[in-house]
Amino acid sequence: MEDSNRKIWTVQCVLLLLIGFCVSQLYASDDVKFYDSFDDAFDGRWVVSKKEDYTGVWKHSKSEGHDDYGLLVSEKAKKHAIVKKLDEPIHLKDETIVLQYEVRLQNGLECGGAYLKYLRPQDAGWTPEGFDSESPYSIMFGPDKCGATNKVHFILKHKNPKSGEYVEHHLKYPPSVPSDKLTHVYTAILKPDNELKILIDGEEKKKANFLSTEDFEPPLIPSKTIPDPDDKKPEDWDEREKIPDPEAKKPDDWDEDAPMEIEDEDAVKPEGWLDDEPEDIDDPEATKPEDWDDEEDGEWEAPKVDNPKCAEAPGCGEWKKPMKRNPAYKGKWHAPLIDNPNYKGIWNPQEIPNPDYFELEKPNFEPLAAIGIEIWTMQDGILFDNILIVSNEKVAETYRATAWKPKFEVEKEKEKAEESTDSEGLKGIQKLVFEYLYKIAELPVLGDHKVKVLELIEKAEKQPNLTIGALVSIIVVIFTLLLKIIFGWKKQPAQTVVETKKPDVPETSNNQDSTEEKEEQNEDAAAPRRRNTRRDN
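Per an unreviewed UniProt entry, the protein goes by Calnexin-like protein 1 and derives from Forsythia ovata. The record in UniProt for the protein states the following under Subcellular location (unreviewed entry): "Endoplasmic reticulum membrane".

### Quick look at the side chain of H153
Assignment of secondary structure puts H153 in strand β10 (residues 149-159). Look at H153 and you get buried, because its relative accessible area is 8%. Beyond its immediate sequence surroundings of up to four residues, H153 is in contact with Y115, M140, F141, G142 and D144.

### Remarks on the pattern of salt bridges
In this structure the tally under the stated criterion is 29 salt bridges. Between D36 and R45 there is a salt bridge, with the nearest N and O atoms lying 2.2 Å from each other. Here D36 falls in the buried class, since its relative accessible area comes to 5%. Residues joined by salt bridges that share partners form a network here, namely K191, E195, K197, K207 and E393.

### Points about the pairing of strand β14 (residues 203-209)
Sheet topology note: the strand β13 (residues 195-200)/β14 ladder contains 6 bridges and is antiparallel. The residue bridging I198 from the neighbouring strand is K206, located in β14. The turn joining β13 and β14, which pair antiparallel and follow one another in sequence, is formed by 2 residues; a positive phi near 60 degrees is taken by D201.

### Here's the deal with the nonpolar core
Counting 62 residues, the largest nonpolar core has Y101, Y118, I139, F141, F154, L190 and F384 as its most contacted members. In terms of nonpolar packing, the next biggest core, distinct from the first, is built from 9 residues, L388, V390, V395 and A396 among them.

### With respect to the environment of I200
The residue I200 is located in strand β13 in this model. Separated by 100 residues in sequence, I200 and Q100 place their C-alpha atoms 9.8 Å apart. When residues no more than four places from it in sequence are discounted, the contact partners of I200 are V152, P175, S176, P178, V185, Y186 and K205.

### A short note on the packing of aromatic side chains
Summed over the entire model, instances satisfying the criterion amount to 12 aromatic pairs. A ring pair is formed by W58 and F384, whose centres lie 6.4 Å apart and whose planes are at 55 degrees; its orientation type is tilted. Here W58 is found in strand β3 (residues 58-62), whereas its partner F384 is found in strand β25 (residues 382-390), with 326 residues between them in sequence. Judged by relative accessible area, W58 falls into the buried class, the value being 7%. According to the relative accessible area criterion, F384 is buried, its value standing at 0%. Centre to centre, the rings of Y101 and F384 are 6.2 Å apart; their planes meet at 25 degrees, and the pair counts as stacked. Placement of Y101 in strand β6 (residues 97-105) and of F384 in strand β25 is noted, with a sequence separation of 283 residues between them. The same class applies to Y101 as to F384, namely buried. The side chain of K79 reaches across the aromatic face of Y54, ending 5.8 Å from its centre. Taking the ring centre of Y166 as reference, the NZ or CZ of R120 above it sits at 3.9 Å.

### Let's talk about the pairing of strand β12 (residues 183-190)
The side chains of a regular strand alternate, residue by residue, between the two faces of the sheet. Within β12, 8 of the 8 residues are buried, which leaves the element mostly enclosed by the surrounding structure. The alternating pattern of β12 places T183, V185, T187 and I189 on one face and H184, Y186, A188 and L190 on the opposite face, and all of these are buried. Bridging between β6 and β12 involves 8 bridges; their strand directions are antiparallel. Looking across to β12, one finds that R104 is bridged to T183. Where β12 and β13 come together, 5 bridges link them in antiparallel fashion.

### As for the state of the cysteines
For the coordinates displayed, the defined rule picks out 2 disulfides. Note on cysteine connectivity: C111 is disulfide-linked to C146, with sulfurs 1.8 Å apart. Looking along the S-S bond of the C111-C146 disulfide, the torsion reads about -75 degrees, which is the left-handed sense. Pair noted here: C111 is in strand β7 (residues 111-113) and C146 is in strand β9 (residues 137-146), with a separation of 35 residues, a long-range link. Assessed through its relative accessible area of 15%, C111 is described here as buried. A sulfur-sulfur distance of 1.9 Å marks the disulfide that ties C310 to C316. Taking the sign of the torsion about the S-S bond as the criterion, the disulfide between C310 and C316, at about -120 degrees, is left-handed. Taken as a pair, C310 and C316 share a single burial class, namely buried.

### Observations concerning the environment of N348
Residue position: N348 is located in the loop between β22 (337-339) and β23 (351-353). Using a relative accessible area of 57% as the deciding quantity, one classes N348 as exposed. Separated by 117 residues in sequence, N348 and D231 place their C-alpha atoms 8.9 Å apart.

### Some words on unusual backbone geometry
Across the junction of E217 and P218, the peptide omega takes the value -10 degrees, indicating a cis bond. Positive phi, close to 60 degrees, is recorded for F38, a residue that is not glycine. When you line up the elements, F38 lands in the loop between β1 (32-36) and β2 (47-48).

### What about a negative patch on the surface?
On the surface, a cluster of negative charge is contributed by E290, D291, E295, E296 and D297. Summarising the element assignment, E295 is placed in helix α2 (residues 294-297). On the basis of relative accessible area, E295 is assigned to the exposed category, the value being 73%.

### Section: the side chain of S138
Relative to the helices and strands, S138 resides in strand β9. Looking at S138, the relative accessible area reads 0%, which means it is buried. Excluding residues that lie within four positions of it along the chain, S138 makes contacts with Y118, L119, R120, I155, L156, K157, E366 and L368.

### Here we look at the environment of V32
Assignment of secondary structure puts V32 in strand β1. Residue V32 is classed as buried on the basis of its relative accessible area, which comes to 18%. As for V32 and L388, which are separated by 356 residues in sequence, their C-alpha atoms are 7.6 Å apart.

About the thresholds
Residues numbered from 1 in each chain as written. Predicted model: local features only at pLDDT ≥ 70, side-chain atom pairs only at ≥ 80, totals over all residues. Heavy atoms only, no water. UniProt positions renumbered as here; feature names shortened; annotations may be inferred. Helix = DSSP H or I, 4+ residues; strand = E, 2+ residues; numbered from the N terminus. Buried < 20%, exposed > 50% of the residue type's maximum accessible area, 1.4 Å probe, protein only. Contact = heavy atoms within 4.5 Å. Salt bridge = Lys/Arg side-chain N within 4 Å of Asp/Glu carboxyl O. Pairing = 2+ DSSP bridges. Core = buried A, V, L, I, M, F, W, Y, C linked by side-chain atoms within 4.5 Å. Phe/Tyr/Trp six-rings, centres within 6.5 Å; stacked < 30°, edge-to-face > 60°. Lys NZ or Arg CZ within 6 Å of the ring centre and 35° of its normal. Disulfide = S-S within 2.5 Å. Patch = residues over 30% accessible without salt bridge, like charges linked within 9 Å, V, L, I, M, F, W, Y side chains within 5 Å. Areas by Shrake-Rupley, 256 points an atom, 1.4 Å probe, with all protein chains shown as cover. Lys, Arg positive; Asp, Glu negative; His and termini not counted. Charge placed at Lys NZ, Arg CZ, Asp CG, Glu CD.

Structure, rendered in structure tokens:
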């Protein structure tokens, strides 16, 4: 039995050694053009830009929750730039090239980039220490997000063989950036048949053709013709499809001066309208501030408040008849439109051959001589890792499976656990909220509304998605009741006055004299306050 176990153990060890050897050979194969796992510090391999605008600090740091290291953007709201020169330039001609890297937005990404630039050789006019936004690149690839922008860039900077100018060609309708804080792997596959594929986490998100006019803006191949810049529209060219009927006449009964609205002559002033009462009055509770200086601040005047008498009447102040639509109104007369007999259509300049047109079987890719990260971001915590360039899709897939997938699975499980904890915490909070809601429902102030409030609470408890709506409804009910209580209490004296002003017996001359005497007393009492008030300068 022991011999049998020893043999099984020996076979297992040999198999493990073989697997390890195969994987190591795969990673060391000729397919791998460049790879950096950042297991070791980047000093000496990557060069930080010394341009004065790029003050952001790069750090060799662990990914949160892992022992795996990466290249970290450590400061927010700063420009960061770093570059790594390749041992040999990579030429994109007759083989597939896969550009792949991981990035983790540990603090999210509200405004900033997390893309890579694949630079042209230094003889194009750049140095590692002087690396900046103007350094010439061949391809830019990766996430970019700010405001309305949310996309995984793929930009090819291509040289026009006719003009010699380098033009940026942007991939149309690129995929969006994942919105979580997990590690994601971005892959761009460039094939010799001009096909481009963009993968996120190994899943194809975009497929395009470099030479298609539908996939890049502007297209790599210019149009064969262009509008003639010297062509001019003839003076007699009529682009009006419709014209006013020259034979049409304005009807005799058409009054252009009639107003749109007129007074409603049938309107009657509502009964109880208070003509002599102003709509607002001086606030009787307002007092002049102690630090008010009449000479510096001007004449103080009490603020205005709504006249309480107007709230109990149809209206106050001078009554005017309301306006209504004038049935005789027709507005300015215009002749009806008819087909233009001289209409020639919309004029366009004639097309001429495009002097910058060229035919292309394949893009003229510039060699990839270095990898640079040049970004400006409002968030820190952006971690780059496992930057890879290979010429074999299967090798790139293996890297995703062995380097990225295990980390992603751990982060995903942790995210689910946190969401579950948050959900349980939310349920606890909901339980506490409902306990208080039931206590509120027992308040005497609710009166006849108690039944309705209880119905809302029970409905929200059975359907958690209605909780917020129920809370808002209950708050509105309670707030409305409070307003009624507060303003109802303040209006009691006014109601008493109204009742004393409208006795059931007819008014006598003595009553009128008494009323006039009270008004005179009120005016005499208000006069000193008005004399002591001053207007603001």
